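A structural walkthrough
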Amino acid sequence: MSNLPPLSFYVPEPAARPGQTNLFSSSSMPAAGDMRRPDPLEAEAGMRDLPFGLIRVLDDEGLAAGPWAPQLAPGRLRDGLRAMVLTRLFDDRLFRAHRQGKTSFYMKSSGEEAIGAAQSMVLAAGDMCFPTYRVMSWLHARNYPLVEMVNQIFSNEKDPLKGRQLPILFSARDYGFYSLSGNVGSRFGHAVGWAMASAYKGDDRIALAYIGEGTTAEGDFHEALTFASVYHAPCILCVTNNQWAISSYAGIAGGDETTFAAKAIAYGIPGLRVDGNDFLAVWAATAWAAERARANKGATLIELYTYRAGGHSTSDDPTKYRPADEAAHWPLGDPVERLKKHLITLREWDEDRHAALSVELDSAVRTAVKEGESVGTLGKSKPPVSEMFEGVFKEPDWRVVEQRRELGV
Amino acid sequence: MSNLPPLSFYVPEPAARPGQTNLFSSSSMPAAGDMRRPDPLEAEAGMRDLPFGLIRVLDDEGLAAGPWAPQLAPGRLRDGLRAMVLTRLFDDRLFRAHRQGKTSFYMKSSGEEAIGAAQSMVLAAGDMCFPTYRVMSWLHARNYPLVEMVNQIFSNEKDPLKGRQLPILFSARDYGFYSLSGNVGSRFGHAVGWAMASAYKGDDRIALAYIGEGTTAEGDFHEALTFASVYHAPCILCVTNNQWAISSYAGIAGGDETTFAAKAIAYGIPGLRVDGNDFLAVWAATAWAAERARANKGATLIELYTYRAGGHSTSDDPTKYRPADEAAHWPLGDPVERLKKHLITLREWDEDRHAALSVELDSAVRTAVKEGESVGTLGKSKPPVSEMFEGVFKEPDWRVVEQRRELGV
Amino acid sequence: MNMIQALNSALDAKLAQDPETLIFGEDVGYFGGVFRVTDGLQKKHGLKRCFDAPISEGGIIATAIGMGAYGLRPIPEIQFADYILPAFDQLVSEAARLRYRSNGEFWAPITVRSPYGGGIFGGQTHSQSPEAIFAHITGLKTVIPSNPYDAKGLLIQAIEDDDPVIFLEPKRLYNGPFDGHHDRPVASWQGHPAAEVPEGLYRIPLGEASIVRTGEAVTVLAYGTMVHVALAAIHESDVDAELVDLRSIVPLDIEAIVASVRKTGRCVIIHEASRFGGFGGELSALVQERCFLHLEAPIERVCGWDTPYPHAFEWDYFPGPQRISAALTRVLEY
Amino acid sequence: MNMIQALNSALDAKLAQDPETLIFGEDVGYFGGVFRVTDGLQKKHGLKRCFDAPISEGGIIATAIGMGAYGLRPIPEIQFADYILPAFDQLVSEAARLRYRSNGEFWAPITVRSPYGGGIFGGQTHSQSPEAIFAHITGLKTVIPSNPYDAKGLLIQAIEDDDPVIFLEPKRLYNGPFDGHHDRPVASWQGHPAAEVPEGLYRIPLGEASIVRTGEAVTVLAYGTMVHVALAAIHESDVDAELVDLRSIVPLDIEAIVASVRKTGRCVIIHEASRFGGFGGELSALVQERCFLHLEAPIERVCGWDTPYPHAFEWDYFPGPQRISAALTRVLEY
Ligand SMILES: Cc1ncc(C[n+]2csc(CCOP(=O)(O)OP(=O)(O)O)c2C)c(N)n1
Ligand SMILES: Cc1ncc(C[n+]2csc(CCOP(=O)(O)OP(=O)(O)O)c2C)c(N)n1
Ligand SMILES: [Mg+2]
Ligand SMILES: [Mg+2]
């Protein structure tokens, strides 16, 4: 023992920092169509290779390849594209609204639009998604009214959440979108409980939950997976591995040591690792996991391998900690461009239609923002102050009654 | 979707309940010597089969077989046997002391004595074990004074922990034994931090931590493994899978879905699954993991597959929830008997010497208990009441000073 | 019935009446719980209505919240209140805030049962009284019964409540009313009026204190085990005290408290938890704010000391009848 | 220096002087923390002295305790105090109790830095003030500075303290002394006497309050952001109030509090956290117990309302100068 060198302390570091270049050489990138697709009802023991691969469908030419190709009608693909483009346009405009002081906070999904859009479309109306703040495309794919979203973001008088919550921390029960909160990770287990309840009732609804790759380090992640595994909860548990958690790269969550999909093996559930910038791959993997869940075979963990192309939030400047051009080197491209190219390759889309779509959606966003502005922006309009005292409990107790009186509202 | 049967809620159940028989048929039991032994410095990616096997050295004839056989001098084996026999005798006597009202609480390690004994011997004096309440053999193997233990268990005037802690929730820094507490799982991450500190200082000490298989469901388990993985902490993280967590069988912690060793794969660290009733196998696996840790290759997860032969504690009656004869059907035998047989097979031990050893150790235990009794048993003797107010902080603040005065102590 | 039987009866009645209720927690299933509160419920109502959970308090509460959001009324058990802490974030950031932040789209009608308190030589981590940290959390209710009758009626009400309720069971009272004289023979509930527990469903509203004893000289505020200890102290010191059993600390029956102190002009507050930052501080502040001109002596608090719960010194730590009597005397002689 | 710089300077000086200190937490390494408090420290002192941690507050505190037990003095950061809750069990059951239960064999000399409090439109989970739940935990110290000079001296002392310290940084004060008038231009620390922060090491003992303003008419107890808001209210209501900045709530400077209230005979307690079960209750109880005969009016508490922290209503929730002035007037006119 004594002739060994002393112990040394290891702290992982990302491939590149500002001023350097990240060529993403360490990520081995299997070709589209290469991964096998086991039957979704098979036992997990036969699938332990899957978490170490990468399910990709769309190839560089824009063609769908291999057994995971989901065979979608072009109309569905166009719906997906529309949701993604809308998400991006909405994000851009609301991000700017923050710069103009119209809201206290905003977060974009840039580069990750395929995820919420595809999964929202795969799941049924009665299913429930337990979102993070970065899957607003779920709502856009289900045509959540833009103006309601704007009102929430502006915390104005018509805010559907009555000014009680930070912008974009939505709740939209009728759209299968569970209440968000600022704490990361703490709803992951709710999804499992919700799914257990559906099974308990003998219903057919399943749950889908998101967690960021950084947040997988929370105990909540493990506890949710443990319960999902033990009780065969009918749910789909998704890790959106967008490479960054604010300024911390995925290695700080263990991403250098193994894949996030491999965490499924710890619970005896299938782990799929999926190209998150590939609308078709996300669709296919989700449909596979949903089929499994609905057949009482329990949960699946899906790692959605993607890249957070923008800053973490309006409070963040990513050039402080990663190369400014890192997104440009991301080997899996841009999800919007890739789906667009696919549709064009299929001759179901063209640049003109795309430009027209963008104009249409941008104008819809503008209209919604205008409408929200006409109600009021942050600090200029808000719900009645009495709303502050409502909803602490179902029925107010004497404390809030007295305090409301004291404040005179 | 609508033509699928409805979801159904699954709750796992053990193979047998009181009145039934558990033949442990579902556990596939590889033969001793069958498992390959990779070089401890190899990368984890090449070892993902190990968590699904079972490292066994002692075969049914009492011979050591295969690449994991640790080649120990007979004297070391006898030391190990001694520690195990001592643990069992001590447990039996103190358990009876509880029935006689001499202590408030006791917990036995019956059937699991090999674990702490072997690991205590493998690790160095400067290393630190972060124990559970079921590895007292760690202390016995290091000749912790029996009478001090008895004094702690009797909460008497000479209790080394000054009456502040429940019986057997020891702390014994000089014996490499970290402070125990009633909360399960919450020290697992301390071991990782301790190991990180050793690496940070460039020392050569490593940490070893225990957690019960039931407790692996806590978030603490996952958080500890995540940090161990990310920072390559020099530590050995052990799951003692004794099949039961009070009345809950291992399936309630996910044990029916995969092995506990397989949880290592989620973190990219080696996972060894070891016959915990086999002193030599425990020794060998621990030495392997220690070599890896000391060579700056980071943490190993070891599942120690064993059986809790007794009740959970003095508050428990296991015949209420499992077959009374379940221990008798446990396929991996009794750790004391197996090591004894091995030594006899080696012609390094015999029944007479064993009987003499038992007599010697039993009398040592008796003497210690007598000595403890002469100081006093629960309620008959205790440290000065002023000790209640000491150690809240390093220096007392006015609150405890005033309150001590108020109580007049 | 003793308190264990009363709680069991409440659970049994709810399981029978409401298919949306279900129980889970560590060892609550086949075995029936380490304190036997769920004894027989799995056998009677089925595996899926009362089952074992992983040792993961955070996971238990998280899944319970998700079930609640679905529409069930889960009744999770945390084996000891000391072990609620790993679930504290779930309770505070999620259960307590879900209704508010979602503007009523989702809520968590869960009832978290947990044995708490000392007097059983359980040492630090089986004896603590964590009520104060729940009382401060907006959106959580905290209920603490002191006898079998109340325990059943309050538990049924808590389960039917649409907000999250922490239901703390004074484990020292499970088998008998404990008056704090630990060196006397153990009392049983047999023959105690509050041990007359009806079969079937009945309810006690949350937020209504119970006047255990009317009196004119001083108001004693207590809950859980300390109700019985206070009563003993009142008898022994022969003081005409009014003893108010709060029964729930959120919602708090402020009217009953104020009415009593305005009448007596004196107030002693008692709890097992350590004093500093404990719930007694809130009670003292409220009484002082609302009864200032009526107070003829300082409000006293008799509590556990400001140390961790010490195993061998349990009875030195416990705010027993002697310390309560002394406080009553001080307050009256002020 | 502003408060961020002062804290950075404290950390820098300790890293330079004591090789056993190290910093870790979410985003504290290369990036320097979301509030920039650790800016430049990794570059200057090396990767191993100041590094990023997984998003796992429980894991951060658990490993810090283990490092502390080894002999280091870790200074973990929790990114927002709202996110301490997942680590609550580690802080309470482990950090706070390790010395006691092991009879001094092990202890956890950790300093947990965390920005807390509101006034930045951060919504519920970036604005809460959780000090009350720490104050109740025997074995934890809780320090809350109100200006750059104190922040540095208290942080150095906290790091050198051999017990676990929760160090809550009022994030609304990071860049300037905020007097509660949110509609006026933002103030900067520039020119404020407490912004004169020496280089190098100096210490302020824990448990010594600071008398920000002496006065005869009423005692105002406050800490963190509310010190400045209270001061503004005192000026505006033209009351001869004595303003006591507690600086640490455990240990608490009971002598300073009692001396002041005995002198003024009146007391107003202020905190951002919601009122019920908040630390104000403890303060009120202590003052009442120790100054009963000196009190000429009820002790008042001016606090956040008993609701979750509401995003759009931040300034309706916040106990601003107007509400404080009203309380001062009420107390004086009583
Ligand atoms: C419990 C908790 N801890 C810390 C934070 C602060 N925080 C907000 S987002 C974030 C990073 C999350 O990264 P990741 O999980 O990868 O999600 P992403 O933002 O990349 O989608 C952190 C640390 C928080 N919101 N909640
Ligand atoms: C945090 C916490 N939750 C619950 C308990 C109650 N409890 C004590 S031991 C135990 C079972 C532990 O089982 P396992 O981890 O398998 O360890 P074993 O006793 O089998 O060695 C439980 C649930 C506890 N002590 N701490
Ligand atoms: Mg991320
Ligand atoms: Mg076990």
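Residues numbered from 1 in each chain as written. Chains lettered and ligands numbered in written order. Predicted model: local features only at pLDDT ≥ 70, side-chain atom pairs only at ≥ 80, totals over all residues. Heavy atoms only, no water.

Description of the overall build of chain C
- Each helix and strand counted, chain C has twelve helices and twelve strands in total.
- Relative to its length of 334 residues, chain C is compact, with a C-alpha radius of gyration of 19 Å against a globular reference of 20 Å.
- Dimensions of chain C, computed from the C-alpha atoms along their principal axes, are close to 60 × 45 × 35 Å.
- In chain C, the proportion of contacts linking residues at least 24 apart, taken out of those at least 6 apart, comes to 78%.
- A total accessible area of about 8300 Å² is found for chain C, and carbon and sulfur atoms account for 49% of it.
- The centroid of the 27 positive side-chain charges in chain C is displaced by 2 Å from the centroid of its 42 negative side-chain charges. (Helix = DSSP H or I, 4+ residues; strand = E, 2+ residues; numbered from the N terminus. Rg over C-alpha atoms; globule rule 2.2 N^0.38 Å. Contact = heavy atoms within 4.5 Å. Areas by Shrake-Rupley, 256 points an atom, 1.4 Å probe, with all protein chains shown as cover. Lys, Arg positive; Asp, Glu negative; His and termini not counted. Charge placed at Lys NZ, Arg CZ, Asp CG, Glu CD.)

Describing the packing of helix H1 (residues 74–99) of chain A against helix H4 (residues 146–154) of chain A
Residues and elements named next belong to chain A.
- Between H1 and H4, whose axes approach to 12 Å, the crossing angle comes to 30°. In this view, H1 runs roughly parallel relative to H4, as classed from their interaxial angle. Considering only the axes of H1 and H4, their crossing is right-handed. On H4, the residues that touch Leu86, Phe90, Leu94 and Ala97 of H1 are Leu146, Met149, Val150, Ile153 and Phe154.
- Its residues placed into classes, the contact of H1 with H4 shows nine nonpolar, no polar and no charged. (Axes fitted to C-alpha atoms, helices over the stretch in contact; angles between N-to-C directions. Parallel < 35°, antiparallel > 145°, perpendicular 65-115°, else oblique. Left-handed = near helix turned anticlockwise from the far one by under 90°. Nonpolar A, V, L, I, M, F, W, Y, C, P; charged D, E, K, R; others polar.)

What to know about the site of ligand 1
- Taken together, the neighbourhood of ligand 1 is formed by 20 residues, with A:Tyr133, A:Arg134, A:Thr215, A:Trp244 and D:Glu57 sitting nearest.
- Of the chains in the model, those with residues near ligand 1 are chains A and D.
- Contacts to ligand 1 include A:Thr215, whose side-chain N or O atom sits 2.5 Å from an oxygen atom.
- At 3.2 Å, a side-chain N or O of D:Tyr83 approaches a nitrogen atom of ligand 1.
- Here ligand 1, which alone exposes 580 Å², has 97% of that area covered by the protein. (Near = heavy atom within 4 Å. Polar contact = N/O pair within 3.5 Å; in protein donor to acceptor, adjacent residues only side chain to side chain.)

Section: the UniProt feature "domain: Dehydrogenase E1 component" (unreviewed entry) in chain A
- In the numbering used here, UniProt assigns the feature "domain: Dehydrogenase E1 component" (unreviewed entry) to residues 82–375 of chain A.
- The distance from the first to the last C-alpha atom of residues 82–375 of chain A is 27 Å, and the span holds 42% helix and 11% strand. (UniProt positions renumbered as here; feature names shortened; annotations may be inferred.)

As for the coordination of the magnesium ion (ligand 3)
Residue and element names in this part refer to chain A.
- Every protein donor of the magnesium ion (ligand 3) is listed here as Glu213 (OE), Asn242 (OD1) and Trp244 (O), and their distances to the metal cover 2.1 to 2.2 Å.
- Each donor residue of the magnesium ion (ligand 3) belongs to the same chain, with the gaps between them written as E-x28-N-x1-W. Separated by 31 residues along the polypeptide, Glu213 in the loop between strand E2 (207–212) and helix H6 (219–230) and Trp244 in strand E4 (residues 244–245) bring together distant segments of the chain.
- A residue is classified by how much of its surface remains accessible, and Glu213, at 1% relative accessible area, is buried. (Donors = N, O, S within 2.8 Å, 3.2 Å for Na, K, Ca; no water. Buried < 20%, exposed > 50% of the residue type's maximum accessible area, 1.4 Å probe, protein only.)

Comments concerning unusual backbone geometry
- Note the cis peptide between C:Val250 and C:Pro251, where omega equals -5°.
- If you trace the backbone, C:Pro251 turns up in the loop between strand E10 (248–250) and helix H9 (254–264).
- The backbone of B:His232 sits at a positive phi, close to 50°, despite the residue not being glycine.
- Its relative accessible area of 23% is what places B:His232 among the partly exposed residues.
- Phi at C:Asp238 takes a positive value of approximately 55°, unusual for a residue other than glycine.
- In this structure C:Asp238 comes out as exposed when scored by relative accessible area, which is 70%.

Points about the relation of the copies chain B and chain A
- Note on the copies: chain B fits chain A at an RMSD of 0.0 Å, the axial shift is 0.0 Å, and the rotation between them is 180°. The transformation relating the two chain copies, once decomposed into turn and shift, fits a two-fold axis. Taking C-alpha positions as the reference, the residue of chain B nearest the rotation axis is B:Gly219, at 1.8 Å.
- Both copies present the same face, since 100% of the interface residues in chain B are matched by interface residues at the equivalent positions in chain A. (Least-squares fit on C-alpha atoms with pLDDT ≥ 70 in both.)

Considerations on the interface of chain B and chain A
- In this assembly, 49 residues from chain B lie in contact with 50 residues from chain A.
- Of the roughly 4300 Å² buried between chain B and chain A, counting both surfaces, carbon and sulfur atoms make up 62%.
- Counting across the interface, chain B meets chain A through zero salt bridges.
- Applying the counting rule to chain B against chain A returns 14 residue pairs in polar contact (both at pLDDT 80 or more).
- Looking at the side of chain B that touches chain A, the elements with two or more residues in it are helix H5 (188–201), helix H6 (219–230) and helix H7 (279–294) of chain B. (Buried area = accessible area lost by both parts, 1.4 Å probe. Salt bridge = Lys/Arg side-chain N within 4 Å of Asp/Glu carboxyl O.)

Comments concerning the coordination of the magnesium ion (ligand 4)
Residue and element names in this part refer to chain B.
- Coordination of the magnesium ion (ligand 4) by the protein is provided by Glu213 (OE), Asn242 (OD1) and Trp244 (O), with metal-donor distances spanning 2.0 to 2.2 Å.
- Within one chain, the residues donating to the magnesium ion (ligand 4) are spaced in sequence as E-x28-N-x1-W.
- With relative accessibility at 5%, the residue Asn242 sits in the buried group.
- Judged by its relative accessible area of 5%, Trp244 falls in the buried class.

Considerations on the interface of chain D and chain B
- Contact residues are listed per partner, giving 48 residues for chain D and 46 residues for chain B.
- Surface buried jointly by chain D and chain B totals about 3800 Å² across both partners, of which 58% is contributed by carbon and sulfur atoms.
- Taken as a group, D:Tyr70, D:Tyr100 and D:Arg101 account for 22% of the area that chain D buries against chain B, more than any other trio of residues on that side.
- Run the count over chain D and chain B and you get four salt bridges.
- Between D:Arg290 and B:Glu402 there is a salt bridge, with the nearest N and O atoms lying 2.7 Å from each other.

As for helix H1 (residues 74–99) of chain B
- With 26 residues, H1(B) should cover 38 Å at 1.5 Å per step; its first-to-last C-alpha distance of 38 Å lies within 8% of that length.
- The positive-phi residue at the C-terminal boundary of H1(B) is B:Gly101, with phi of around 80°. (Expected span 1.5 Å × (residues − 1).)

As for the domain arrangement of chain C
All names here are of chain C.
- Parsing chain C into structural domains produces domain 1 (3–195) and domain 2 (210–332).
- For domain 1 and domain 2, the distance between their C-alpha centroids amounts to 25 Å.
- Counting residues at the interface gives 35 residues for domain 1, matched by 28 residues for domain 2.
- Regarding the contact of domain 1 and domain 2, the summed buried area is about 2600 Å², with carbon and sulfur atoms giving 62% of it.
- The interface formed by domain 1 and domain 2 holds one salt bridge in total.
- In this structure, the salt-bridge partner of Asp150 is Arg247, at a minimum N-O distance of 3.2 Å.
- Across the contact surface, domain 1 and domain 2 share 14 residue pairs in polar contact (both at pLDDT 80 or more).
- Going through the elements one at a time, helix H6 (131–135), strand E5 (141–143) and helix H7 (148–160) are the ones with two or more residues in the side of domain 1 that touches domain 2.
- Looking at the side of domain 1 that touches domain 2 residue by residue, the classes come out as 15 nonpolar, 14 polar and six charged. (Domains from an automatic or database assignment.)

Notes on the site of ligand 2
- Lining the immediate surroundings of ligand 2 are 20 residues, of which B:Tyr133, B:Gly182, B:Thr215, B:Trp244 and C:Glu57 lie closest.
- With respect to ligand 2, the chains having nearby residues are chains B and C.
- Residue B:Asn242 places a side-chain N or O atom 2.8 Å away from an oxygen atom belonging to ligand 2.
- Within the side chain of C:Tyr83, a nitrogen or oxygen atom sits 3.2 Å from a nitrogen atom of ligand 2.
- When ligand 2 is considered free in solution it has 580 Å² of accessible area, and contact with the protein chains removes 96% of it.

Some thoughts on the sheet that holds strand E1 (residues 128–130) of chain A
All names here are of chain A.
- Strand order in this open sheet of five strands is E1-E2-E3-E7-E6, and the pairing throughout is parallel. Looking along the sheet, the strands with just one partner apiece sit at the ends: E1 and strand E6 (271–275). The sheet shows a mean angle of 20° between the axes of neighbouring strands, direction not considered.
- Bridging between E1 and E2 involves three bridges; their strand directions are parallel. Paired with Cys129 across the strands is Leu208, a residue of E2.
- Packed onto the sheet, helix H2 (residues 113–122) meets E2, strand E3 (235–241) and strand E7 (300–305) and runs at close to 170° relative to E2.
- Of the strands in this sheet, E2, E3 and E7 touch H6, which is tilted by about 150° from E3. (Pairing = 2+ DSSP bridges.)

Notes on the sheet that holds strand E8 (residues 218–222) of chain D
Residue and element names in this part refer to chain D.
- Strand order in the open sheet formed by five strands is E7-E9-E8-E11-E12, and the pairing between neighbours is mixed. The open sheet has two edge strands with one neighbour each: strand E7 (210–213) and strand E12 (300–304). Each adjacent strand pair in this sheet contributes to an overall mean axis angle of 25°, direction not counted.
- Where E7 and strand E9 (residues 241–245) come together, three bridges link them in antiparallel fashion. Bridging across to E9, Arg213 finds its partner in Leu243.
- Across the sheet, helix H9 (residues 254–264) lies against E8, E9 and strand E11 (267–274), angled at about 150° from E8, the strand it touches most.

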